[in-house]
Amino acid sequence: MSGLQDSSDDDRIVRMPDLDYTPDPRGLGFVLHASMKKHLDTIAQIDGVTGETDTYRSLLQKCTRVAHRMRAMGVTDEDVVTIYTHNHLNACVPYLAGMFLGAKVSGLDPSLSVTDTAHLLRLANPKLAFVAPELRTPFRESLARSGSDTKVITFGPDFDELLAPIEDEDRFRPYEAKDLKETCIIFFSSGTSGLPKCICTHHYGFMCQWKLFLDCGFVQDVYFVFSSLYWVSVASCICSVVLGGKTRLFIPRFSVEAVWNAIDKYKPTLIAAVPFHLVSVSNARPIDVDTSSLVHILVGGAALIESQLKTIRKAFPDSELYTGYGQTEMAVTITVFKPNSPRDRELIRKKPTSCGTGCPGISYKIVDLQTQELLGPNQQGELRLKTKFHLSGYYKMDSSHLLDEDGWYKTGDVVYYDDDRCFYVVDRLSEFLKFRGFHVPPAWIEDVLAAHPQIAGSLVIGLPHDLDENHLMALVVLKDRAANVEAKEIERYVEERVDDRKRLRGGVKIVDAIPLSDAGKMRRREIRNMVLRGEL
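Since the structure is predicted, the reported quantities are computational estimates derived from the model, not experimental observations.

1. Focus on the overall build of the protein
Part 1 of the argument: Summing up its helical and strand segments, the protein has 15 helices and 26 strands in all.
Part 2 of the argument: Here the protein has a C-alpha radius of gyration of 23 Å; the compact-globule value for 536 residues is 24 Å, and the two agree.
Part 3 of the argument: Expressed along its principal axes, the backbone C-alpha trace of the protein runs to roughly 75 × 60 × 50 Å.
Part 4 of the argument: A fraction of 70% describes how many contacts in the protein between residues 6 or more apart in sequence connect residues 24 or more apart.
Part 5 of the argument: For the protein, the computed accessible surface area is about 22,100 Å², with 48% contributed by carbon and sulfur atoms.
Part 6 of the argument: Distance from the positive charge centre (64 side chains) to the negative charge centre (71 side chains) of the protein: 1 Å.

Here is the structure:
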């Protein structure tokens with residue numbers, strides 16, 4: 001098929017140069033351990049609410065002691081270790097300690113349902129789980145449903161016992177990888193397509209991705225992220241700051257007030273966040289807060305629209321705003337505008353809704369959704385990538401569908417690039433809703449709703465229909481709950497602006513809020529099921 005050709009002279013394929021980097025063959029944990037020893041007196045992390053800190057000396061000491069005791073429990077490179085907690089100073093300790101032992105580390109999202117958590121535990125079957133005390137009960141329920149015999153260690157007194165001094169602890173040596181294609185981290189997908197999956201990330205891909213990010217030129221002196229260890233962006237942040245001897249700033253849970261207090265007090269130089277969080281923060285800027293330290297803001301996780309860009313820029317007038325696009329399956333970055341590239345700095349000013357340009361070590365092609373034909377500039381289709389960075393597969397699941405017959409990774413995202421090779425994400429292919437055989441991207445209708453003057457946010461789902469497959473329904477949050485806006489009025493508003501297949505045949509439901517994960521993302525499948533069960 002012509003769409004599957006890999007012709008080296010086809011200019012419809014966007015080819016980037018190789019990444020100028022050879023990862024240390026001893027692997028992720030070894031490199032992190034060595035880097036921490038180089039920066040012992042530097043502040044490693046700050047709790048933006050409590051003000052507690054760790055230097056790399058204290059963090060390394062804790063990680064070494066926990067790793068030593070995990071090794072005594074029989075943890076090896078064959079095992080999975082998981083963390084189930086919101087952010088706190090010790091949350092990353094067993095995560096890094098597991099890396100020191102070559103174990104496959106993972107973070108579970110506390111906002112996942114008991115059923116989804118049980119499914120992930122069944123798949124990953126961790127040997128050890130480190131759990132926040134307030135989450136012990138739902139975790140135990142999930143564990144019982146999963147049938148796993150995971151040993152549970154609760155943060156607090158139980159965990160503190162692991163931090164007691166050890167004789168000759170300075171002589172600890174981390175695990176050295178046998179092969180950089182070994183799995184080092186298991187990320188759990190958000191479950192927007194079928195059940196959540198365990199994504200196997202290898203040493204080579206993750207180490208190349210952090211080098212790629214470091215080479216972009218973002219000022220990471222104090223790097224602020226809001227989310228938990230469930231998210232690849234947080235794992236990337238932790239490893240990136242450790243490698244560079246920089247500081248991570250975090251808050252236990254996202255709140256607008258906590259973000260502004262942390263910005264004012266601890267002076268971050270870089271924030272990386274999703275649009276929902278940034279817009280929420282931007283809409284509530286205090287009058288007297290100082291944002292002059294914040295050099296760069298990196299937005300990813302969803303496409304930005306012009307109105308959101310204006311809101312963020314108004315709240316952070318001294319900061320440079322950059323956009324990027326990534327996937328957990330790619331250990332984060334696929335495209336990004338890079339601060340140290342004069343061309344990228346010019347392009348983002350001209351194309352603020354683009355998600356960036358290509359990255360070293362990755363080639364890009366767009367194929368037609370139906371015919372698989374190779375497409376050119378300004379033509380929407382599925383993005384496929386040729387790279388060594390992508391996941392090695394889904395843990396304990398068939399992964400044969402991930403690559404096409406020529407070895408290109410299938411992203412499942414509908415994307416196009418323009419004549420300047422700037423990329424734009426249209427929608428997630430797996431989130432397409434089918435109506436009478438047609439694929440309908442929910443983002444199209446959500447963009448229409450975003451232009452309504454009384455609507456603060458929306459999510460479009462598909463209600464199952466025997467004949468039509470799906471009837472579209474919009475969940476809508478109003479800017480002013482007291483506003484005299486009727487659901488039927490919103491239906492008419494949309495109907496006047498879309499074609500027949502995009503009409504809201506399932507109606508409009510006005511809600512106080514749309515349930516979000518800790519990272520500010522909407523899980524379309526879960527929310528649809530909540531509506532069907534009458535819970536929303």
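Still more ground to cover, so stick around.
2. Description of the state of the cysteines
Part 1 of the argument: Applying the stated rule across the entire model yields zero disulfides.
Part 2 of the argument: Unpaired in terms of disulfides, Cys355 finds its nearest cysteine sulfur in Cys422, a separation of 9.0 Å.
Part 3 of the argument: On the basis of relative accessibility, which here comes to 8%, the residue Cys355 falls in the buried class.
Part 4 of the argument: Given a relative accessible area of 0%, Cys422 falls into the buried group.

3. Re the pairing of strand β4 (residues 80–84)
Regular strands place their side chains on alternate faces of the sheet.
Part 1 of the argument: Burial analysis of β4 places five of its five residues in the buried class, the great majority of the element.
Part 2 of the argument: Neither face of β4 is exposed, since Val80, Thr82 and Tyr84 on one face and Val81 and Ile83 on the opposite face are all buried.
Part 3 of the argument: When β4 meets strand β5 (residues 104–107), the two strands line up parallel, connected through four bridges. Pairing of Val80 across the sheet is with Lys104, part of β5.
Part 4 of the argument: The parallel pair β4 and β5 is bridged by helix α3 (residues 93–100), and the resulting crossover is right-handed.

4. Examining the domain arrangement of the protein
Part 1 of the argument: Assigned domains within the protein: domain 1 (9–21 + 209–430), domain 2 (28–176) and domain 3 (432–533).
Part 2 of the argument: For domain 1 versus domain 3, the distance between C-alpha centres works out to 26 Å.

5. Describing the environment of Ala272
Part 1 of the argument: As for its position among the elements, Ala272 is in strand β12 (residues 270–273).
Part 2 of the argument: On the accessibility criterion, Ala272 (17% relative accessible area) is buried.
Part 3 of the argument: Between the C-alpha atom of Ala272 and that of His296, which follows or precedes it by 24 residues, the distance is 8.6 Å.
Part 4 of the argument: Apart from residues lying up to four places away in sequence, Ala272 is in contact with Tyr223, Phe224, Val225 and Leu298.

6. Topic: the pairing of strand β20 (residues 409–417)
Part 1 of the argument: Counting buried positions over the nine residues of β20 gives seven, a clear majority of the element.
Part 2 of the argument: Bridge count between strand β18 (residues 381–387) and β20: four bridges; the pairing is antiparallel. Looking across to β20, one finds that Glu382 is bridged to Val414.

Thresholds applied
- For every chain, the first residue of its written sequence is number 1, and the numbers climb from 1 along that sequence.
- Reporting of local features is limited, given that this is a predicted model, to residues whose pLDDT is at least 70; pairs of side-chain atoms are given and counted only at 80 or more, and all residues count toward the totals for whole chains, interfaces and linings.
- Only hydrogens and water are set aside; all other atoms, that is, all heavy atoms of the structure, feed into the side-chain values.
- Helix and strand definitions follow DSSP, with helices as H or I runs of at least four residues and strands as E runs of at least two, each counted in order from the N terminus.
- Computation of the radius of gyration draws on C-alpha atoms alone. For the globule rule, the value is 2.2 Å times the number of residues to the power 0.38.
- Throughout, a residue-residue contact means that at least one pair of heavy atoms, one from each residue, lies within 4.5 Å.
- To measure how exposed things are, a 1.4 Å probe is used in the Shrake-Rupley method; for residues, cover is taken only from the protein chains shown.
- Charged residues are defined here as Lys and Arg on the positive side and Asp and Glu on the negative side; His and the ends of the chain fall outside this count.
- Where a charge sits is defined by one atom per residue type, namely NZ (Lys), CZ (Arg), CG (Asp) or CD (Glu).
- To count as a disulfide, a pair of cysteine sulfur atoms needs to be within 2.5 Å.
- Throughout this description, buried means an accessible area under 20% of the type-specific maximum (1.4 Å probe, protein chains only), exposed means over 50%, and partly exposed covers the range between.
- Strand pairing is defined by DSSP finding a minimum of two bridges between the two strands.
- For a crossover, the right-handed case is the one in which the path from the first strand over the helix to the second runs clockwise, viewed with the strands pointing away from the viewer.
- Residue ranges for the domains originate in an automatic or database domain assignment.

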